[in-house]
Amino acid sequence: MDSGLARLIDNLSGHRIMVIGDMVADVYLEGIISRISREAPVLVLEHGGENVVPGGAANAVHNAATLGGDAFAVGVVGEDAAGRELAAILAGKKVHTAGLIIDPARPTITKTRVMAGGLATVRQQIVRIDREAKDSLSPAVEARLLEYIGAHIETMAAVVISDYGSITLSPAVRDMVIAACRRRDIPCIVDSRYNILAFAGATVVKQNEAEVAAALGYKNLDAESALVEAGERMLAAMQAEALLLTRGPDGMSLFEAGGRVTHIPVSNVSEVFDVTGAGDTAVVTAALALAAGASYVEAARLANFAAGIVVKKPGTATTTTAELREAVGVYNENNR
């Protein structure tokens, strides 16, 4: 095994990491195909079970815990069954959940996926139902978030900002987090789906090709020259030390301040199963690696391995240090 990555994997555990963002309950409603309805040309499903999995920022903090981090979850949940289930799952993984602020006026962000299958058919998603409030945080809830962050952030070894386009990361929250991390020299990684340019000043930026293209006004980044140009522009606009650009089957590209660009191929070329939540896994793995003393290239390489593990798992998934060791070992054997 690569001795540098082996050292990092051994040292991921125990670091205090705060994940701030949109906490989501991913609900998988399982159905067994029974027949076609007489009421409409749709499937009739017999209820086969229901499973709640941490999604969004909750998936990121869940990954931090399974990788051995001392994880702190910060976000907003409703006073409802989904919020209680989410908090219970994370607490069961020894996540600090006091930063999950309960807002009785809004529901927990919930994404319910109806999954259908049968004895002779492949299980697949047939519809997704989203539930969330679109209005801004109340002053009281925002104040509680800021109070919790202010009381704990300066003791962290790394911070992850996970923005899924909901309401948790208000201007006051994001400004406080970025300023505190810069003041204390804490690695801060931001992953924002729709509003990345609002998070200028973070240490590391994680984006996929489509997100960078949309933020900077490119039609696409298919050409290598366009990819490099966009990466350098994004890095400059964000005033960041590094940009981790995920590229699907083409792996990742790391842009560092000073002009260094490193292209990292996929760690496993086998057929991808499910990309849901792989970005969360990559971000948290990179954050823990930086907390363990990794260079940006080492952190990106380890994040690439972690993402390669979870895409082979169904739904929103996590990985472990044992799986990382195995993946790195297999890759090294195959690339001697």
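Conventions we followed
- Numbers given for residues are sequential positions, taken from 1 along each chain in its written order.
- The predicted origin of the model limits local features to residues at a pLDDT of at least 70 and limits the giving and counting of side-chain atom pairs to 80 or more, whereas totals for whole chains, interfaces and linings rest on all residues.
- The side-chain values count all of the structure's non-hydrogen atoms but skip hydrogen atoms and water molecules.
- The criterion is simple. A nonpolar core is a set of buried Ala, Val, Leu, Ile, Met, Phe, Trp, Tyr and Cys residues joined through side-chain atoms within 4.5 Å.
- Relative accessible area decides the class of each residue, using a 1.4 Å probe on protein chains only: under 20% of the type maximum gives buried, over 50% gives exposed, and in between gives partly exposed.
- By the convention used here, residues are in contact when the closest approach between their heavy atoms is within 4.5 Å.
- Runs of H or I in DSSP of at least four residues are treated as helices and runs of E of at least two as strands, each being numbered from the N terminus.
- N or O atoms within 3.5 Å of each other form a polar contact, as long as, within protein, one can give a hydrogen and the other can take it, and as long as residues adjacent in sequence are counted only when both atoms are side-chain atoms.
- By definition, disulfides here are pairs of cysteine sulfur atoms that lie within 2.5 Å.
- Salt bridges are counted wherever a side-chain nitrogen of Lys or Arg sits within 4 Å of a carboxyl oxygen of Asp or Glu.
- Pairing between strands requires that DSSP locate at least two bridges from one strand to the other.
- All axes are obtained by fitting lines to C-alpha atoms, using only the stretch in contact for helices, and the reported angles, taken between N-to-C directions, cover 0 to 180 degrees.

Asks: Please explain the nonpolar core as it appears in this structure.
Replies: Across soluble globular proteins, nonpolar side chains have a tendency to be buried as a group. Judged by nonpolar contacts, the single largest core of 61 residues is most densely connected at Ile17, Met23, Leu302 and Leu324. Ignoring sequence-local partners within four residues, the contact set of isoleucine 17 consists of Ala64, Asp70, Ala71, Phe72, Met156, Ala158, Val160, Val284, Ala287 and Leu288.

Asks: I tried to follow the environment of arginine 35 on my own but got confused; where do I start?
Replies: Its place among the elements puts arginine 35 in strand S2 (residues 23-36). Judged by relative accessible area, arginine 35 falls into the exposed class, the value being 52%. Along the primary structure arginine 35 and histidine 15 are separated by 20 residues, whereas in three dimensions their C-alpha atoms are 51 Å apart. Those residues within four positions of arginine 35 in sequence are excluded, and the remaining contacts are Val42, Leu43 and Val44. Within the structure, arginine 35 has its side chain in polar contact with the side chain of serine 34 (distance 3.4 Å).

Asks: Before we go on, may I ask you to explain the state of the cysteines in this structure?
Replies: Defined simply, a disulfide is a covalent bond joining two cysteines at their sulfur atoms. Applying the stated criterion across every chain yields a total of 0 disulfides. Considering cysteine sulfurs only, cysteine 188 is the nearest to cysteine 181, which forms no disulfide, with 4.1 Å between them. Its relative accessible area of 3% is what places cysteine 181 among the buried residues.

Asks: Whenever I open this one, the pattern of salt bridges confuses me. Can you help?
Replies: Side chains that carry opposite charge are capable of pairing whenever their charged atoms lie near each other. A complete count under the given rule lists 16 salt bridges for this structure. With a closest N to O distance of 3.0 Å, arginine 106 and aspartate 103 form a salt bridge. What emerges from the salt-bridge pattern is a single network uniting Asp103, Arg106 and Asp135.

Asks: Sorry if this is basic, but what is going on with the sheet that holds strand S8 (residues 158-163) here?
Replies: Sheet strands pair by backbone hydrogen bonding; their relative direction is either parallel or antiparallel. Spatial ordering of the open sheet is given by S5-S4-S1-S8-S9-S10-S11-S12-S13, a layout of 9 strands whose pairing is mixed. Both outer strands of the open sheet, strand S5 (100-103) and strand S13 (261-264), are each paired with one neighbouring strand and no more. Strand-to-strand twist in this sheet, taken as the mean axis angle between neighbours without regard to direction, amounts to 15°. Direction of pairing for strand S11 (residues 242-246) relative to strand S12 (residues 252-256): antiparallel, over a ladder of 5 bridges. Bridging across to S12, leucine 245 finds its partner in serine 253. Running over the sheet, helix H5 (residues 171-184) touches strand S1 (16-21), S8 and strand S9 (188-192) and is turned about 155° from S8. Packed on one face of the sheet, helix H9 (residues 296-310) meets strand S10 (204-208), S11, S12 and S13 and runs near 160° to S12.

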